[in-house]
Amino acid sequence: MCLLASPAMDVAQALADLLEVGPQLEAAAVFRGAEVLGAVGVDDEGAGRIVGDAGRLLDLAGELRGDSVRATQIRASLAGGGVYVVREAEGDRAVVALAARGATPGLVFYDLKRCLAAVAEEPPKPRRRRTTKKEEEPGDAA
Amino acid sequence: MPRRLATLAGLAGAAVAAVFAFRRGLGGRSERVDVYFDDGSLVSYASSSAEAQRLLPPARDALAVIRAS
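Residues numbered from 1 in each chain as written. Chains lettered and ligands numbered in written order. Predicted model: local features only at pLDDT ≥ 70, side-chain atom pairs only at ≥ 80, totals over all residues.

Peer 1: Tell me what's going on with the interface of chain A and chain B, and back it up with residues and numbers.
Peer 2: Counting residues at the interface gives 32 residues for chain A and 24 residues for chain B. At the level of secondary structure, the elements contributing two or more residues to the side of chain A that touches chain B comprise strand 1 (25-32), helix 2 (44-65), strand 3 (71-78), strand 4 (81-87) and strand 5 (93-99) of chain A. By residue number, the principal contributor to the side of chain A that touches chain B is helix 2 of chain A, which donates 11 residues. Classifying every residue of the side of chain A that touches chain B by side-chain character gives 18 nonpolar, 6 polar and 8 charged. Pairing geometry for strand 3 of chain A and strand 1 (residues 32-37) of chain B, over 6 bridges, is antiparallel. Looking across to strand 1 of chain B, one finds that Ile74(A) is bridged to Val35(B). (Contact = placed C-beta atoms within 7 Å. Helix = DSSP H or I, 4+ residues; strand = E, 2+ residues; numbered from the N terminus. Nonpolar A, V, L, I, M, F, W, Y, C, P; charged D, E, K, R; others polar. Pairing = 2+ DSSP bridges.)

Peer 1: Help me get a handle on the pairing of strand 3 of chain A, residues and values and all.
Peer 2: All names here are of chain A. Most of strand 3 is tucked away: 8 of the 8 residues are buried. Of the strand pairs in this sheet, strand 3 and strand 4 are connected by 6 bridges, and their pairing is antiparallel. The residue of strand 4 that forms the bridge with isoleucine 74 is valine 85. Two successive antiparallel strands, strand 3 and strand 4, enclose a turn made up of 2 residues. (Buried ≥ 20, exposed ≤ 12 C-beta atoms within 10 Å, placed from the backbone.)

Peer 1: For helix 2 (residues 50-68) of chain B, give the residues involved together with the corresponding values.
Peer 2: Residue and element names in this part refer to chain B. Counted at 1.5 Å a residue, the expected span for helix 2 with its 19 residues is 27 Å, and the 28 Å between its end C-alpha atoms agrees. Maximum bend of helix 2: about 30°, positioned at leucine 56, with proline proline 57 one to four residues after it. Taken residue by residue, helix 2 has Leu55, Leu56, Pro58, Ala59, Ala62, Leu63, Val65 and Ile66 as its buried positions. (Expected span 1.5 Å × (residues − 1). Bend = angle between axes of the 7 residues up to and from the residue.)

Peer 1: Describe the packing of helix 2 of chain A against helix 2 of chain B, listing the residues and the values that go with them.
Peer 2: A packed helix pair is summarised by two numbers, namely the angle formed by the two axes and the spacing between the axes. At their nearest, the axes of helix 2 of chain A and helix 2 of chain B sit 9 Å apart, and the two run at 165° to each other. If you check the angle between helix 2 of chain A and helix 2 of chain B, you find them roughly antiparallel. The handedness of the crossing between helix 2 of chain A and helix 2 of chain B comes out as left-handed. Where helix 2 of chain A abuts helix 2 of chain B, its residues Gly46(A), Arg49(A), Ile50(A), Asp53(A), Ala54(A), Arg56(A), Leu57(A), Leu60(A), Ala61(A) and Leu64(A) lie against Glu51(B), Arg54(B), Leu55(B), Pro58(B), Ala59(B), Asp61(B), Ala62(B) and Val65(B). For the contact of helix 2 of chain A with helix 2 of chain B, a count of residues per class yields 11 nonpolar, 1 polar and 6 charged. (Axes fitted to C-alpha atoms, helices over the stretch in contact; angles between N-to-C directions. Parallel < 35°, antiparallel > 145°, perpendicular 65-115°, else oblique. Left-handed = near helix turned anticlockwise from the far one by under 90°.)

Peer 1: So what's going on with the pairing of strand 2 (residues 35-40) of chain A? Which residues, and what values?
Peer 2: Residues and elements named next belong to chain A. With 5 bridges connecting them, strand 1 and strand 2 associate as antiparallel partners. Across the sheet, phenylalanine 31 pairs through a bridge with valine 36, a residue of strand 2. In sequence, strand 1 turns back onto strand 2 through a hairpin of 2 residues, with glycine 33 there showing a positive phi of about 65°.

Right, dumping it as structure tokens:
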């Protein structure tokens, strides 16, 4: 079997790892703008909705300040659980996660940042083989 | 003597139950939104604030989606 490394597969793996290390997390999705790059713990339709909600949270939070400062992390603590959003400091990729009530915010943020960092890491580029051009011998020129 | 012990145990049990009930009731109502900005600042909005009234609906919707699935 041949497995090809692709960005989508990286996101799926990062999200699977995220739910494995954070048992208090119930679902998560990585997104860029309105585009869902990957999701776990929720179906496609649900992923689209939570990504839309997370995007609205980021936009609304940014509007509250009114200056050029961006919201990079949001935690909404609700009666039924917590909603966490983390956005790249130098990019527009973000991750949203839903956690059970009582989850430790610091740990959730740490896990989400690690997930985003894992997604952001590009696969190593294949090394180009250096070839040396053979010097032409005088006899070959004819 | 046994009667005093029973009274003390009853009082201790009631105190523990009251603490649990208080914490549970308080925890269930304390909705809030914490926003961290890229300049390092953190703003915490209590549920009664106008800002939280704008931020909480999308968060509630996201949670409802997960609870429904």
